[in-house]
Amino acid sequence: ADQPPQVNNGVFASPYLSRRHAEFFADATGQVHGTMNRVTSHLVFLKDLNSSNGTFLNGNMLKAQRPVAIADNDVVQFGTEDEDSREQGVIIAQI
């Protein structure tokens, strides 16, 4: 069943996005899975959830289930376009 948009999710109609594609989450401690990633008061992370067409940060494809810290001016892309198709469907945003 389709999920309506809510505070904790976004719904995008695109053939390039998986039903559960990626997630953003915050961590105020500066730790990811018990290891120091970057010392700051608040970190925001992006994690690919085993999507079919990938999640990208600044043009680099994320490894599934491996959170990465994002920063101001980073570019996030959800999905890739089919080279044989002119159909638009990827989501690209600068943070």
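Residues numbered from 1 in each chain as written. Predicted model: local features only at pLDDT ≥ 70, side-chain atom pairs only at ≥ 80, totals over all residues. Heavy atoms only, no water.

S.K.: For the confidence of the model for the chain, give the residues involved together with the corresponding values.
M.R.: Summing up the model confidence of the chain, the mean pLDDT is 75 and the portion of residues at 70 or higher is 62%. Model confidence for the chain, summarised as mean pLDDT per element, is weakest for strand β3 (residues 35-36) at 50 and strongest for strand β6 (residues 60-61) at 94. (pLDDT = per-residue confidence, 0-100. Helix = DSSP H or I, 4+ residues; strand = E, 2+ residues; numbered from the N terminus.)

S.K.: Can you lay out unusual backbone geometry for me, pointing to particular residues and giving the numbers?
M.R.: Phi at Gln-65 takes a positive value of approximately 65°, unusual for a residue other than glycine. Along the polypeptide, Gln-65 turns up in the loop between β6 and β7 (68-70). What makes Gln-65 partly exposed here is its relative accessible area of 36%. Phi at Asn-73 is positive, roughly 75°, even though this residue is not glycine. Here Asn-73 lies in the loop between β7 and β8 (75-78). The class of Asn-73 is exposed, set by a relative accessible area of 53%. (Buried < 20%, exposed > 50% of the residue type's maximum accessible area, 1.4 Å probe, protein only.)

S.K.: Lay out the nonpolar core with the relevant residues and their values.
M.R.: Formed by Leu-17, Leu-46, Leu-57, Leu-62, Ile-70, Val-76 and Phe-78, the largest nonpolar core amounts to 7 residues. Apart from residues no more than four positions distant in its own chain, Leu-62 is found in contact with Leu-46, Asp-48, Thr-55, Leu-57 and Val-68. (Core = buried A, V, L, I, M, F, W, Y, C linked by side-chain atoms within 4.5 Å. Contact = heavy atoms within 4.5 Å.)

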